[in-house]
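Now for the letters of each chain:
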Amino acid sequence: MADPSEPPADWSTRHSVRAVALRTVALVNALSPERPDPAAVAALLLRHGERGPLTLTAAEVAEMRAAALRVREVLAAGDTDTAASALNRLLRTHTGLLRLTSHGGTTPWHPHLDSDDDAAWGEWLLASSCMALAVLLWDRQLPPGAVCASVSCQDVFLTRGAGPARRYCSRRCATRERVAAHRRARG
């Protein structure tokens, strides 16, 4: 069975809200370090369906990092109102008008909020992330993401719909925290 946190392999579904939201979370986490590796960011984009070959400059990655830090505010919001306020601020100050594109017939029609199909990477990341996260918030009426509760991890993750709220970005972090709590309890 396919891992639900992995992006879709089919090019026709790479523009779904879920696929864009998963890419957003992956990029926010990858761009968190002070100086992310451009080759690693390019590889991540390729894994999430961008067409290659793809080479990013340090300046492009720095612009993407600035966008990712803004998007992180939405994902880290503790409640729906705070997430919506952060999204509204980003939509008002950092995105363009809603438009549809098929990138010259090479992809399915999908919405964009960036200025054009050749927008800078940072503009594209911010606009596409805002679009996906706004739809998730609208659909679920819950914050679209959260920050991992593990003290050794600050990654963001997408929250799920119904069911108990997730606290950790992965099973690995949840297990690490349970083991640490068990060891503390044993003295």
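Residues numbered from 1 in each chain as written. Predicted model: local features only at pLDDT ≥ 70, side-chain atom pairs only at ≥ 80, totals over all residues. Heavy atoms only, no water.

S.K.: Help me understand the nonpolar core, please; the structure alone is not making it clear to me.
M.R.: Soluble, globular proteins show a tendency: their nonpolar side chains are buried together. Leu-27, Leu-45, Leu-56 and Met-64 are the most contacted members of the largest nonpolar core, which totals 36 residues. Elements supplying a minimum of two residues to this core: α1 (17-30), α2 (38-47), α3 (58-75), α4 (80-94), α5 (121-140) and β4 (156-158). The element best represented in this core is α5, accounting for 9 residues. If sequence neighbours within four positions are ignored, Leu-27 has contacts with Val-41, Leu-44, Leu-45, Met-64, Ala-68, Trp-124 and Leu-125. One finds Cys-148, Cys-153, Tyr-168 and Cys-173 within the second-largest nonpolar core, a separate group that totals 5 residues. (Core = buried A, V, L, I, M, F, W, Y, C linked by side-chain atoms within 4.5 Å. Buried < 20%, exposed > 50% of the residue type's maximum accessible area, 1.4 Å probe, protein only. Helix = DSSP H or I, 4+ residues; strand = E, 2+ residues; numbered from the N terminus. Contact = heavy atoms within 4.5 Å.)

S.K.: What should I look at first to understand unusual backbone geometry in this one?
M.R.: Across the chain, the bulk of peptide bonds are trans and the bulk of non-glycine residues have phi less than zero. Following Gly-52, the chain continues to Pro-53 via a peptide bond in cis, the omega torsion being -5°. Note on placement: Pro-53 falls in the loop between α2 and α3. We note that Gln-141 has phi near 60°; this positive angle belongs to a residue other than glycine. Its location among the elements puts Gln-141 in the loop between α5 and β3 (145-147). For Gln-141, a relative accessible area of 51% puts it in the exposed group.

S.K.: Explain α1 to me, please; I cannot follow it from the model alone.
M.R.: In an α-helix, one full turn covers 3.6 residues, which means residues spaced three or four apart are oriented alike. End to end, α1 covers 20 Å across 14 residues, agreeing with the expected 20 Å (1.5 Å per residue, within 8%). In terms of residue burial, α1 counts as a mostly covered element, since 10 of its 14 residues are buried. Looking at the buried residues of α1, the elements they touch are α2, α3, α5 and β4. (Expected span 1.5 Å × (residues − 1).)

S.K.: What is the right way to read the side chain of Thr-24 from this model?
M.R.: Counting through the fold element by element, Thr-24 comes out in helix α1. Aside from chain neighbours lying at most four places away, what touches Thr-24 is Val-71, Leu-75, Ser-129 and Leu-133.

S.K.: So what exactly am I meant to see when it comes to the environment of Ala-181 here?
M.R.: Position of Ala-181 among the secondary structure elements: in helix α6 (residues 171-186). Its relative accessible area of 36% is what places Ala-181 among the partly exposed residues. For Ala-181 and Val-74, which are 107 residues apart along the polypeptide, the C-alpha to C-alpha distance reads 30 Å.

S.K.: Would you mind showing me how to read the environment of Leu-44 here?
M.R.: Mapped onto the secondary structure, Leu-44 falls in helix α2. Sequence-wise, Leu-44 and Ala-30 are 14 residues apart; in three dimensions their C-alpha atoms are separated by 8.4 Å. If we ignore the near neighbours within four places in the chain, the residues touching Leu-44 are Ala-26, Leu-27 and Ala-30.

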